[in-house]
Amino acid sequence: MGLVQWLKSQFLCQLIICYGFLVSGLLINLLQICTLPLWPINKQLARKINCKLGYSLTSQSVAILEWWSGTEVTLYTDPESCRHYGKENAIVILNHNFEIDFLCGWSFCDRFGLLGSSKCLAKKELSYMPIIGWMWYFLEMVFIKRKWEEDETCFVQSLQNLRDYPEKFWFLIQCEGTRFTAEKHRISMEVAEKKGLPKLKHHILPRTKGFWVAVQKLRGTVAAVYCCTLNFRNGETPTLRGVISGTTYHPDIYIRRIPLGSVPEDETECSAWLHKLYQEKDKFQEDYIQTGRFPGPIVTAPRSPWTLINWLVWTSLLLYTLCLVLFQVVTSGSILTTLATVFLCFAVSFGVRRMIGETEIRKSDDIITPVCQHHIN
Ligand SMILES: CCCCC/C=C\C/C=C\CCCCCCCC(=O)SCCNC(=O)CCNC(=O)[C@H](O)C(C)(C)COP(=O)(O)OP(=O)(O)OC[C@H]1O[C@@H](n2cnc3c(N)ncnc32)[C@H](O)[C@@H]1OP(=O)(O)O
Ligand SMILES: CCCCCCCCCCCCCCCCCC(=O)OC[C@@H](O)COP(=O)(O)O
């Protein structure tokens, strides 16, 4: 292990990263709250400001992925389709097998200039998560309880709100609706059998309602569906903790652009279309495991220096302030202030652990997923 790599793996460095993320996040949340009076006066301006604020926070995660851990997402896609990326609204479908799939998604958004404005269909619990969840509220992410009867009204309304969004956006739906575990896969394959659908090896059976409604409500607003299939070389099972401690991973993503016009309008046909798409995705994953690559050429989209600059500016400012505060605490000689500071450090560390925990696939579930089984065999 080189010196740099050793430094990256040290707890102090990780604490600094987390401190920067947490404090800048709370400040950004505060600025987002300050935009509230603007919404009734100039909604489009409020949305644009929130996109910039969202970028300033989300891009720190991308900087940590790309510049700190040195993880670069390799894009497999047709160059003709690539010309559209970043220039049109799209619905994005992505498999849900990895703890850092959202980070790879953000990296992809950043390469095409849509990091601040991109949206996802997320479980309601994430909206309560400090910093990220609160930021997403202002970015008009769509939250669902995953119970259609309870979700329908709010889901449809949230999609309709996006029709006049002032920035280009991608809307991510992970149709499997939950992260892959062997147990969830087994149950969903029983459903597939009952429905007479072919078995999938690398995906949970997709839920089709959310996709169908999104296609219906966003027709005329989005131009295409991007079918994205993500996997990691050599059967890597990446974690957010790994990224923060500087581990380099090797994600590959295969993106196919499908014009929205070719997605059926009727619900039953649209469901069948989505099931067929997942059968194709399953085949891509199987071939990836056999050959170590996805079909199609690799397209180079360089990482942006702005994510790094934004992260360095925040970290330097906040570290400088922290040093000033710590100096004051030490020289004050007050035991109460010192204890309060130590307590705050523990609170930060605890808070961050809880947030990272949200990204982890539950230990109690069997996480030996088919997409990484070849590594174990
Ligand atoms: C690489 C590019 C990236 C670009 C990135 C762009 C933006 C990035 C921005 C942010 C990144 C952050 C990412 C955070 C991601 C957060 C992800 C999540 O939170 S995932 C969880 C939330 N999302 C979903 O749930 C979406 C999928 N679900 C749906 O769409 C559902 O349809 C629903 C809307 C939730 C409604 O579900 P419900 O179950 O109530 O109804 P359905 O009709 O869908 O389902 C009933 C139907 O399902 C059958 N069934 C039962 N059990 C299963 C099973 N185990 N598997 C599959 N199917 C099952 C059941 O029999 C019913 O069938 P039928 O209708 O025939 O009777
Ligand atoms: C990299 C930045 C480092 C900064 C310090 C660390 C702070 C932690 C930041 C956490 C960022 C959290 C983004 C949350 C996205 C998690 C998405 C996710 O994967 O949700 C799970 C759901 O899809 C399904 O849930 P399950 O049904 O599988 O249960």
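About the criteria used
Residues numbered from 1 in each chain as written. Chains lettered and ligands numbered in written order. Predicted model: local features only at pLDDT ≥ 70, side-chain atom pairs only at ≥ 80, totals over all residues. Heavy atoms only, no water. Core = buried A, V, L, I, M, F, W, Y, C linked by side-chain atoms within 4.5 Å. Buried < 20%, exposed > 50% of the residue type's maximum accessible area, 1.4 Å probe, protein only. Helix = DSSP H or I, 4+ residues; strand = E, 2+ residues; numbered from the N terminus. Contact = heavy atoms within 4.5 Å. Disulfide = S-S within 2.5 Å. Axes fitted to C-alpha atoms, helices over the stretch in contact; angles between N-to-C directions. Left-handed = near helix turned anticlockwise from the far one by under 90°. UniProt positions renumbered as here; feature names shortened; annotations may be inferred.

A. The nonpolar core, seen in detail. Among the nonpolar cores identified, the biggest contains 61 residues, and Ile100, Trp136, Trp170 and Tyr226 are the most heavily contacted of them. Here the element with the most residues in this core is helix 3 (residues 43-68); it accounts for seven residues. Discounting chain neighbours no more than four positions away, the residues touching Trp170 are Tyr85, Gly86, Glu88, Ala90, Val92, Phe108, Cys109, Phe112, Leu114, Ser118, Lys119 and Tyr226. Listed in part, the 36 residues of the second largest apolar core include Leu121, Leu162, Met189 and Phe211.

B. Fine view of the state of the cysteines. Within this structure, the stated rule accounts for zero disulfides. Cysteine Cys51 is unpaired, with the sulfur of Cys109 as its nearest cysteine sulfur at 12 Å. Relative accessible area serves as the criterion here: at 6%, Cys51 is assigned to the buried category. With no disulfide of its own, Cys104 lies 11 Å from the sulfur of Cys109, the closest cysteine sulfur.

C. Quick look at the packing of helix 12 (residues 305-332) against helix 13 (residues 335-359). Between helix 12 and helix 13, the shortest axis-to-axis distance is 8 Å and the interhelical angle comes to 145°. Both helix 12 and helix 13 take part in a crossing whose hand is left-handed. Along the contact surface, helix 12 presents Leu326, Val329 and Ser332, while helix 13 presents Thr337, Thr338 and Thr341.

D. Representation of the UniProt feature "domain: Phospholipid/glycerol acyltransferase" (unreviewed entry) in the protein chain. UniProt records the feature "domain: Phospholipid/glycerol acyltransferase" (unreviewed entry) for residues 90-212 in the present numbering. Across residues 90-212, helical content stands at 41% and strand content at 14%; the span's end C-alpha atoms are separated by 14 Å.

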